[in-house]
Amino acid sequence: MEQYDGEDEVYMQQEDDWDRDLLLDPAWEKQQRKTFTAWCNSHLRKAGTQIDNIEEDFRDGLKLMLLLEVISGERLAKPERGKMRVHKISNVNKALDFIASKGVKLVSIGAEEIVDGNAKMTLGMIWTIILRFAIQDISVEETSAKEGLLLWCQRKTAPYKNVNIQNFHISWKDGLGFCALIHRHRPELIDYGKLRKDDPMTNLNTAFDVAEKYLDIPKMLDAEDIVSTLRPDEKAVMTYVSCYYHAFSGKQKAETAANRICKVLAVNQENEQLMEDYEKLASDLLEWIRRTIPWLENRQPENTMQAMQQKLEDFRDYRRQHKPPKVQEKCQLEINFNTLQTKLRLSNRPAFMPSEGKMVSDINYGWGNLEGAEKGYEEWLLNEIRRLERLDHLAEKFRQKAAIHESWTEGKGQMLQMSDYETASLSEIKALLKKHEAFESDLAAHQDRVEQIAAIAQELNDLDYYDSRNVNARCQRICDDWDQLGSLTQKRSEALQRTEKLLETIDQLYLEFAKRAAPFNNWMEGAMEDLQDTFIVHTTEEIQGLITAHDQFKATLPEADKERQAILGIHNEIAKIVQTYHVNMAGTNPYTTINTSEIDAKWGKVQQLVPLRDQSLMEENARQQNNERLRRQFAQQANVIGPWIQNKMEEIGRISIEMNGTLEDQLTNLRQYEKSIVNYKPKIDQLEGDHQLIQEALIFDNKHTKYTMEHIRVGWEQLLTTIARTINEIENQILTRDAKGITQEQLNEFRASFNHFDRKRLGYMDAEDFKTCLISIGYNLGENEFSRIMSIVDPNRMGVVTFQAFIDFMSRETADTDTADQVMASFKVLAGDKNYILADELRRELPPDQADYCIARMAPYTGPDGVPGALDYMSFSTALYGESDL
């Protein structure tokens, strides 16, 4: 805590006992309320806020804590965000505790009074803050606080006539004191010769307006209040006058302080630009990853194959066009980060810590999530395409079977409801009965088709077919009609059986024809349905299976033809009997609707469909043979490129830990090595072309190779990133060697030591190996010392030490003494025979356009007592190089 001299503490104690009863004077309270509110807002606006009512706006303690943070430059305890009284009291107590920690004695001011909006106590608390932070530190000719401020006013206004400053109330009523202070420091703002002592309103308004417009001092007083009050409020006037002191004296201090760090401005600005570039590049890359992952994680399926094919094409465009530039950006980001860290270490600056969520590890984590989503998205696309193929096949099959069944059932309901048997003759009744039995046989034969239709509809539902509603409706109609047909069939059968007891004549030949024609007709319909059925295969084995099954079917055709001839023979025999015995059969078979023309037509259709089926199977077989050729062609290249990439990765790993020649030689060899790798890119592109042909052919697997295009892409990207990172490490080693003056022999020794303790040959040492290495070269390490060294060589806390960090540390151990000597030499050149440097001396060494920046950066450091704007050696070295071992 900052210490104050005894005189200042006595004054503070006297001011703590301020006369609270005077605050009840309406005129004084009005002046204090306006002045203190304006003073608070002059600081709160730096934080983007303000107050309107001083006793109301500080009740919750939030703006009070913010005010203390702004005027002190320190962070207070975290405030409570609740709205309850206990939260407000807690916040006000934190503010009062902070004021007390600055050596201020608070008398009779409690948090409850501030929370309750006690105007008297609130104004007293603000006056205490003003005393401590605006007036207490004022020091003029060994006087401080109020006396120092008064002496400063007297010294500045001494040359002006009609101005006699003896206090902070009536001495300021005519306004000439305020005008004199402004004219003394900024004579161009006020024509002091035109002012009259007998016109206080004009003088006061002139001073207040000029101070607000040109000096950034808010209007804290009203001219009417000062003129009309017999004795203006001392605290209000003192607060306002202190703003003049800080406005005029603070500018000079800021100008002096800024010059103190200008010599390192160029380096700082360059490093800051690198940091900004890293932050922007990291933000852009992370934003791209953030926008891309939801697209890759979108699993909203499409209803058509065309839409899914478009999604697959979009994904290919992403792989070919959008992702490769981002891979290069990621590699460049890591290179820039390593270069920046090297420059910071060489300039003896703390390591760069990116913003939260923008570390290299964060980017790598986000990139890993991107690639995981990418892999899952591709698998999902292929699965969806397979699913849609299956759905299209099932939907077409459902429509064909449903159409055949609906065609068969058409009119059956009306037929079953006919009452023709009631007036028929005996022969007609027998014919009707046999016809009905044949129909029942036909109905049973169609049961399998109905079950197949229902099974296909269920499978379409299970696979989430987009038109499931219409499929279900059509299936339900078929099932309802089928149930109705069964019920009607049962009723008609019962009626015919009752009539059968009266009728006993039957035509066996017609019945035989009906019984044999119906199954044969169903067989032909089934054969036509199978011959027209679509098929989907993915391998040559599957198509060979279909070809074999088709050959087996063709082998059954001779037997089927015999059955057809037998059925036609029955019909011919019936015709012969009709012709021989002149039977009146009305030209139709009463037991079935199937006739010989229909059988001949369907048989002819089967004969036509067989060669068409042969042709489609042969075409599909040729397509599968071509797919097999594409698989073998891709596998032949992938089985060469995959091991080549793996071997190159291992060779780069060996190069990075071996010591063959100078760093320049190693860098040249690595760049040539990188060129040879880049020249291999056409083979990767050729493999990409083969892979695209495979995808366009909808080939989903390849048993001839273990490598997928994804494996090749990832391996190629890792290879390019590894060689670029290795080249960057060599370049940084050259930069460190040249900056630190390390010889080639020393660098070889560093590499030999590093390789010896890199037992796992990973290119880095873990913490235990690094500690063992330090002990072997003579370090006496305790836990604290080792932790300090690890924070230097491993600022990102990765738990490993790279060779670059190792040589930076080893070279830095010998460089700190030289830096300290250079600082002392620079100081002596500028200071001459003095033991300090003045602001003007530093300003002469700097370009004019850098002055403002330097003033702001040097603000924390002050010079020797009695020499305003001066800088001693310790402040000089600290300002230039930071808190280091200097």
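All values reported here derive from a predicted model rather than from experimental measurement.

K.L.:
Explanation requested: the overall build of the chain in the structure shown.
P.N.:
What the chain contains, in helices and strands, is 34 helices and six strands. The buried share of the chain, reckoned over its 886 residues, is 45%. Summarising the internal contacts of the chain: among those between residues at least 6 apart in sequence, 76% fall at separations of at least 24. Here the chain displays about 45600 Å² of accessible surface, and carbon together with sulfur accounts for 49% of that area.

K.L.:
What exactly am I supposed to notice about the nonpolar core here?
P.N.:
Here is a general trend for soluble globular proteins: nonpolar side chains tend to be buried in one another's company. One finds Trp 39, Ile 129, Phe 178 and Tyr 244 to be the most contacted residues of the largest nonpolar core, which totals 79 residues. The greatest single-element share of this core, amounting to 11 residues, is contributed by helix 7 (residues 119–135).

K.L.:
Is there a simple way to explain the pattern of salt bridges in this structure?
P.N.:
Pairs may arise between side chains of opposite charge once their charged atoms sit close together. Scanning the model with the defined rule gives 41 salt bridges in all. In this structure, the salt-bridge partner of Arg 33 is Glu 55, at a minimum N-O distance of 2.4 Å. Of the two residues, Arg 33 sits in helix 2 (residues 26–44) while Glu 55 sits in helix 3 (residues 54–57), which places them 22 residues apart along the sequence. For Arg 33, a relative accessible area of 25% translates into the label partly exposed. Look at Glu 55 and you get buried, because its relative accessible area is 12%. Each of the salt bridges in this network shares a partner with another, and the network as a whole consists of Glu 628, Arg 631, Arg 632 and Asp 701.

K.L.:
Explain the packing of helix 4 (residues 62–72) against helix 7 to me, please; I cannot follow it from the model alone.
P.N.:
In a pair of packed helices, the angle between the axes and the distance between the axes together describe the arrangement. Relative to each other, helix 4 and helix 7 sit at 10°, their axes nearing to 11 Å. Put simply, helix 4 runs roughly parallel to helix 7. In this structure, the crossing between helix 4 and helix 7 has a hand that is right-handed. Taking contact as the criterion, the partners of Leu 64, Leu 68, Ile 71 and Ser 72 in helix 4 are, on helix 7, Met 125, Ile 129 and Phe 133. By residue class, the composition of the contact of helix 4 with helix 7 is six nonpolar, one polar and no charged.

K.L.:
Even after reading the chapter, I still don't get the layout of surface pockets, so can you show me in this structure?
P.N.:
Approximately 1400 Å³ is the volume attributed to the second largest pocket. As for the second largest pocket, its lining consists of 42 residues, and the residues nearest its centre are Asn 338, Arg 725, Glu 729, Val 800 and Thr 802. Elements that contribute at least two residues to the lining of the second largest pocket include exactly helix 14 (305–346), helix 15 (360–409), helix 23 (596–657), helix 26 (709–740), helix 27 (744–757), strand 4 (800–802) and helix 30 (803–812). Among the elements that take part in the lining of the second largest pocket, helix 26 stands out by supplying 10 residues, more than any other. Along the lines of polarity and charge, the residues of the lining of the second largest pocket split into 16 nonpolar, 18 polar and eight charged.

K.L.:
Help me out: how do you make sense of the confidence of the model for the chain in this one?
P.N.:
Low pLDDT means the predicted atomic positions in that stretch should not be read closely. With 81% of its residues at a pLDDT of 70 or more, the chain has an overall mean of 78. Averaged pLDDT values over the elements of the chain bottom out at 40 in helix 1 (residues 6–16) and peak at 92 in helix 9 (residues 176–185).

K.L.:
Can you walk me through unusual backbone geometry in this structure?
P.N.:
For residues other than glycine, phi is negative in most cases, and the peptide bonds are mostly trans. With a phi angle near 60°, Asp 216 is a residue other than glycine that sits in the positive phi range. Its location among the elements puts Asp 216 in the loop between helix 10 (200–214) and helix 11 (223–228). Positive phi is not limited to glycine here, since Arg 797 has a value of about 55°. Mapped onto the elements of the fold, Arg 797 is located in the loop between helix 29 (783–793) and strand 4.

K.L.:
Quick question: what am I supposed to make of helix 18 (residues 447–462) here?
P.N.:
At 3.6 residues per turn, the α-helix brings residues three or four places apart onto the same side. With 16 residues, helix 18 extends 23 Å from end C-alpha to end C-alpha; this agrees with the ideal 22 Å at 1.5 Å per step. Phi turns positive, to about 60°, at Asp 464, one or two residues after helix 18.

K.L.:
What exactly am I supposed to notice about the packing of helix 8 (residues 145–157) against helix 9 here?
P.N.:
The geometry of helix 8 relative to helix 9 is characterised by a closest axis approach of 9 Å and an angle of 70° between their N-to-C directions. In this view, helix 8 runs roughly perpendicular relative to helix 9, as classed from their interaxial angle. Pair helix 8 / helix 9 crosses with left-handed handedness. Packed against helix 8, whose contacting residues are Trp 152, Cys 153, Arg 155, Lys 156 and Thr 157, the element helix 9 presents Gly 177, Ala 180, Leu 181, Arg 184 and His 185 at the interface. Broken down by class, the residue content of the contact of helix 8 with helix 9 amounts to four nonpolar, three polar and three charged.

K.L.:
Which parts of the structure should I look at to understand the environment of Ile 723?
P.N.:
Structurally, the position occupied by Ile 723 is in helix 26. Judged by relative accessible area, which is 0%, Ile 723 ranks as buried.

K.L.:
Any chance you could explain the side chain of Glu 334 here in plain terms?
P.N.:
With respect to the helices and strands, the residue Glu 334 is situated in helix 14. Residues in contact with Glu 334, not counting those within four places in the same chain, are Val 360, Asn 364, Thr 721 and Arg 725.

K.L.:
Explanation requested: the state of the cysteines in the structure shown.
P.N.:
In a disulfide, the sulfur atoms of two cysteines are held together by a covalent bond. Counted according to the given criterion, the structure contains zero disulfides. Cysteine Cys 475 remains unbridged, with the sulfur of Cys 479 as its closest cysteine sulfur at 4.1 Å.

K.L.:
How should helix 5 (residues 85–101) be read in this particular structure?
P.N.:
Helix length check: helix 5 (17 residues) gives 24 Å between terminal C-alpha atoms against 24 Å at 1.5 Å per residue, within 8%. All of the buried residues along helix 5 are Ile 89, Asn 91, Val 92, Ala 95, Leu 96, Phe 98 and Ile 99. The inward-facing, buried residues of helix 5 contact helix 4, helix 6 (111–115) and helix 7. Note on helix 5: the residue one or two positions beyond its end, Gly 103, has a positive phi of about 85°.

K.L.:
Please clarify how the environment of Tyr 764 should be interpreted in this entry.
P.N.:
Within the fold, Tyr 764 resides in strand 3 (residues 764–766). Between the alpha carbons of Tyr 764 and Gln 804 there is a distance of 9.5 Å; along the sequence they are 40 residues apart. Those residues in contact with Tyr 764 that lie beyond four places of it in its chain are Phe 754, Asp 758, Val 800, Val 801 and Thr 802.

K.L.:
Could you clarify how one ought to interpret the packing of aromatic side chains in this entry?
P.N.:
Think of a pair of aromatic rings as described by two things: how far the centres are apart, and how the planes are tilted against each other in angle. Applying the stated criterion across every chain, the model contains 21 aromatic pairs. With a centroid separation of 5.1 Å and an interplanar angle of 75°, the aromatic rings of Tyr 240 and Tyr 244 are classed as edge-to-face. Separated by four residues within a single helix, Tyr 240 and Tyr 244 lie in helix 12 (residues 234–258), roughly one turn from each other. Judged by relative accessible area, which is 0%, Tyr 240 ranks as buried. Since its relative accessible area comes to 0%, Tyr 244 is described here as buried. Following the ring pairs from residue to residue traces out a cluster consisting of Phe 168, Trp 172, Phe 178, Phe 208, Tyr 240, Tyr 244 and Phe 248. Taking NZ or CZ as reference, Arg 132 lies 5.0 Å from the ring centre of Phe 133, over its face.

Thresholds, definitions, all that
Residues numbered from 1 in each chain as written. Predicted model: local features only at pLDDT ≥ 70, side-chain atom pairs only at ≥ 80, totals over all residues. Heavy atoms only, no water. Helix = DSSP H or I, 4+ residues; strand = E, 2+ residues; numbered from the N terminus. Buried < 20%, exposed > 50% of the residue type's maximum accessible area, 1.4 Å probe, protein only. Contact = heavy atoms within 4.5 Å. Areas by Shrake-Rupley, 256 points an atom, 1.4 Å probe, with all protein chains shown as cover. Core = buried A, V, L, I, M, F, W, Y, C linked by side-chain atoms within 4.5 Å. Salt bridge = Lys/Arg side-chain N within 4 Å of Asp/Glu carboxyl O. Axes fitted to C-alpha atoms, helices over the stretch in contact; angles between N-to-C directions. Parallel < 35°, antiparallel > 145°, perpendicular 65-115°, else oblique. Left-handed = near helix turned anticlockwise from the far one by under 90°. Nonpolar A, V, L, I, M, F, W, Y, C, P; charged D, E, K, R; others polar. 1 Å grid on protein atoms, 1.4 Å probe; cavity = no way out; pocket = protein on both sides within 12 Å on 5 of 7 lines; lining within 4 Å. Points joined across faces, edges and corners; volume = space filled by probe spheres on them. pLDDT = per-residue confidence, 0-100. Expected span 1.5 Å × (residues − 1). Disulfide = S-S within 2.5 Å. Phe/Tyr/Trp six-rings, centres within 6.5 Å; stacked < 30°, edge-to-face > 60°. Lys NZ or Arg CZ within 6 Å of the ring centre and 35° of its normal.

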